[in-house]
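Fold and geometry: a report
Here are the chains, one letter per residue:
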Amino acid sequence: MGCPGRKTLSFFLIFVLIYLHGALSQEAGPTGQRKPFFERLRRLEEQFRRFQEATLTHLQAIASNYNLSYNIDARFQNLAQESQALALEVNQSQATVQSDLGHLKTWIRKTQRRSRKVDSRLLALGYALRERNQQHTQERKEQEAQREALSGLALDVRALQDTLAHLTHVVQSQGARLAALEGWLQVACPGTTAPVWAPAEPRLPSPRSLELQGVRQALSASPEPRDEPQDFAGHLQGTQEPPAAGSQWGWPPETQAKICNVGSALIFPNTSTQNVVFLSRGFLSGLRALSVCSWVRTAAGHLGTLLSYATEENDNKLVLHGRDSLAPGSIHFVIGDPAFRELPLQPLLDGQWHHVCVIWTSVLGRFWLHVDRRLVATGSHFREGYVIPPGGSLVLGQEQDSMGGGFDGSEAFVGSVAGLAIWDRALVPREVSHLATGKELPPGAILTLADATLIGGFVQRVNCTCLELCL
């Protein structure tokens, strides 16, 4: 880059040399012309001096301008570098901001999806809570209606009990009159003997007794929860003890009339572990209800095992067994070990034939025990909703500790069994009564003694047409 001050100084020196050459050439002229020359030279020197001053001033201005432009270039370079660094920082900041914005957008989308899911769950929970509240309200209404119905039924039962007590008093008074009449006849006719009354055939229940029985069944089938004992010690709480012998309401001897249509009987003479009877097939399908009915006679101090059903999963899926450690005449009714109920069967220890029916249904876990046509024990919430599985081993007379084996002589049954049958439903009281009187076998029995395929040990099968012939 050229310097303007240097060019001006060179031009000025050239101009001075040309001017001096002209002045010297004029000295050789005439003498009269020298004064004007010196005058001109003086003026020229003054002009040169002024020009020199102006040139110096101009050169100083140029120098100052040159230094200023140099500083400006340096500043511009610094500014350019700073602008580049700032641009880099701005670019980096923009990249960082864009990355943060991308992460923020992703997080916002995830949060929105989660909020939508939470909203849907909250809506579902709200619907479920409303439905549950409606169900609870409906259940409360139904429970109140059932309580009202039960209170009405309780009043009806009390009225029926009062009527029954009155009828009992009337019957007793009629019996006293009949005894007095017999005494009067003996006095009036000494040679006349009292008539011997033949055992009457079982009569149909009166309408009053049917009404009472229907009320009792309605009460027992009510789903209202009640506090019931978990086991029985002689009798179930709420059931009456059998009246004493000779009482008007004592256990009627079933051998007064002939009980026939019982089929074959099995006799278990002792406690040998070889005395066992296998029923073929077991249960072919799962059971949600069960009825086991049979005539039973035993002279032992305890009942032993009447029936045992075992599977590979559990060896006590269904058991009716007693042992020495239990109260005399008590028996454990087991469904899916360890759940059981203790049932009272004290009447069976008198060495006579008695008819026993054990009934269970998974609906509300209801169960009933009938002995000689009478309801001895009942309860609920026993294996509610349970299903007895198929494919197991079903034996009579022994308790299985393993599927088809593991017998114990202390749990063996000693006595006789006749007319045993099993149903996959709950028998009604009328069917139980017909069984106990030998009238007919209810339809739908899934197993009977005719299905006994293996009779081991000293067990004997006896075919008898009537119960009194099954010795």
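Position numbers for residues count from 1 along each chain, tracking the sequence in the order it is written. Whole-chain, interface and lining totals are the exception, using all residues; otherwise, since this is a predicted model, local features are given only for residues with pLDDT of at least 70 and side-chain atom pairs are given and counted only at 80 or more. Side-chain descriptors were evaluated using all non-hydrogen atoms of the structure, hydrogens and water having been removed beforehand.

This is how it is decided: UniProt positions are given in the numbering used here, feature names are shortened, and annotations may be inferred rather than shown by experiment.
Naming follows an unreviewed UniProt entry, where the protein chain appears as Pentraxin-4 of Phyllostomus discolor. The UniProt entry for the protein chain carries this comment under Cofactor (unreviewed entry): "Ca(2+)".

**Focus on a nonpolar patch on the surface**
Definition in use: Patch membership requires over 30% relative accessible area and the absence of a salt bridge. Like charges are linked within 9 Å, and nonpolar side chains (Val, Leu, Ile, Met, Phe, Trp, Tyr) within 5 Å. The method behind every accessible area is Shrake-Rupley, applied with a 1.4 Å probe, and residues are considered shielded solely by the protein chains displayed. By definition here, a salt bridge exists when the distance from a side-chain nitrogen of Lys or Arg to a carboxyl oxygen of Asp or Glu is within 4 Å. Each helix corresponds to a stretch of at least 4 residues labelled H or I by DSSP, and each strand to a stretch of at least 2 residues labelled E; elements are numbered beginning at the N terminus.
Together, Val-97, Leu-101, Leu-104, Trp-107 and Ile-108 make up an exposed nonpolar region whose accessible area comes to about 470 Å². By the element assignment, Leu-101 lies in helix H2 (residues 34–188).

**Some thoughts on the nonpolar core**
Rules: What is meant by a nonpolar core is a set of buried Ala, Val, Leu, Ile, Met, Phe, Trp, Tyr and Cys residues, joined one to another through side-chain atoms within 4.5 Å. Exposure categories follow from relative accessible area, calculated using a 1.4 Å probe and restricted to protein chains: below 20% of the type maximum is buried, above 50% is exposed, and the middle band is partly exposed. For this analysis, residues touch if any pair of their heavy atoms sits within 4.5 Å.
Formed by 42 residues in total, the largest nonpolar core has its most connected members in Phe-283 and Phe-333. Every residue in contact with Phe-333, bar those within four places of it in the chain, is listed here: Leu-318, Val-319, Leu-320, Ala-339, Phe-340, Arg-341, Leu-343, Val-358, Trp-360, Phe-367 and Phe-382.

**A look at the environment of Thr-273**
Among the secondary structure elements, Thr-273 is positioned in the loop between strand S1 (264–268) and strand S2 (277–279). When the C-alpha positions of Thr-273 and Phe-413 are compared, they lie 9.8 Å apart, and in sequence the two are 140 residues distant. Those residues in contact with Thr-273 that lie beyond four places of it in its chain are Gln-398, Phe-407, Asp-408 and Gly-409.

**Structural notes on helix H4 (residues 429–436)**
Three- or four-residue spacings in an α-helix give side chains the same orientation, since the helix completes a turn every 3.6 residues. Residues of H4 that are buried include every one of Glu-431, Val-432, His-434, Leu-435 and Ala-436, and no others. In the stretch just after H4, Gly-438 is the one whose phi turns positive, near 70°.

**Some details on unusual backbone geometry**
In this structure, the amide linkage connecting Asp-337 to the following residue, Pro-338, adopts the cis form with an omega of 20°. Inspection of the secondary structure assignment puts Pro-338 in the loop between strand S6 (330–335) and strand S7 (340–344). Non-glycine residue Asp-372 carries a positive phi angle of around 55°. In this fold, Asp-372 is placed in the loop between strand S9 (366–371) and strand S10 (374–379). Here Asp-372 falls in the buried class, since its relative accessible area comes to 2%. Although it is not a glycine, Arg-383 adopts a positive phi angle of roughly 55°. Relative to the helices and strands, Arg-383 is located in the loop between S10 and strand S11 (393–396). Given a relative accessible area of 26%, Arg-383 falls into the partly exposed group.

**Structural notes on the sheet that holds S6**
To be explicit about the condition: Here a strand pair is declared whenever DSSP counts at least two bridges between the two strands. Convention adopted: a line fitted to C-alpha atoms gives each axis, helices being fitted over their contacting stretch, and angles between N-to-C directions are expressed from 0 to 180 degrees.
The strand order across the open sheet built from seven strands is S7-S6-S5-S4-S11-S2-S14, with neighbouring strands paired in antiparallel fashion. The strands lining the two open edges of the sheet, one partner per strand, are S7 and strand S14 (452–455). If you compare each strand with its neighbour and ignore which way they point, the axes differ by 20° on average. One ladder, built from five bridges, connects S6 with S7; its direction is antiparallel. What sits directly across from Phe-333, in S7, is Arg-341.

**Details of the pairing of strand S8 (residues 354–361)**
Counting buried positions over the eight residues of S8 gives eight, a clear majority of the element. Both faces of S8 are covered, namely the face carrying His-354, Val-356, Val-358 and Trp-360 and the face carrying His-355, Cys-357, Ile-359 and Thr-361. Judged from the six bridges that link them, S8 and S9 form a sheet pairing that is antiparallel. Its bridge partner lying in S9, Val-358 is registered against Leu-369.

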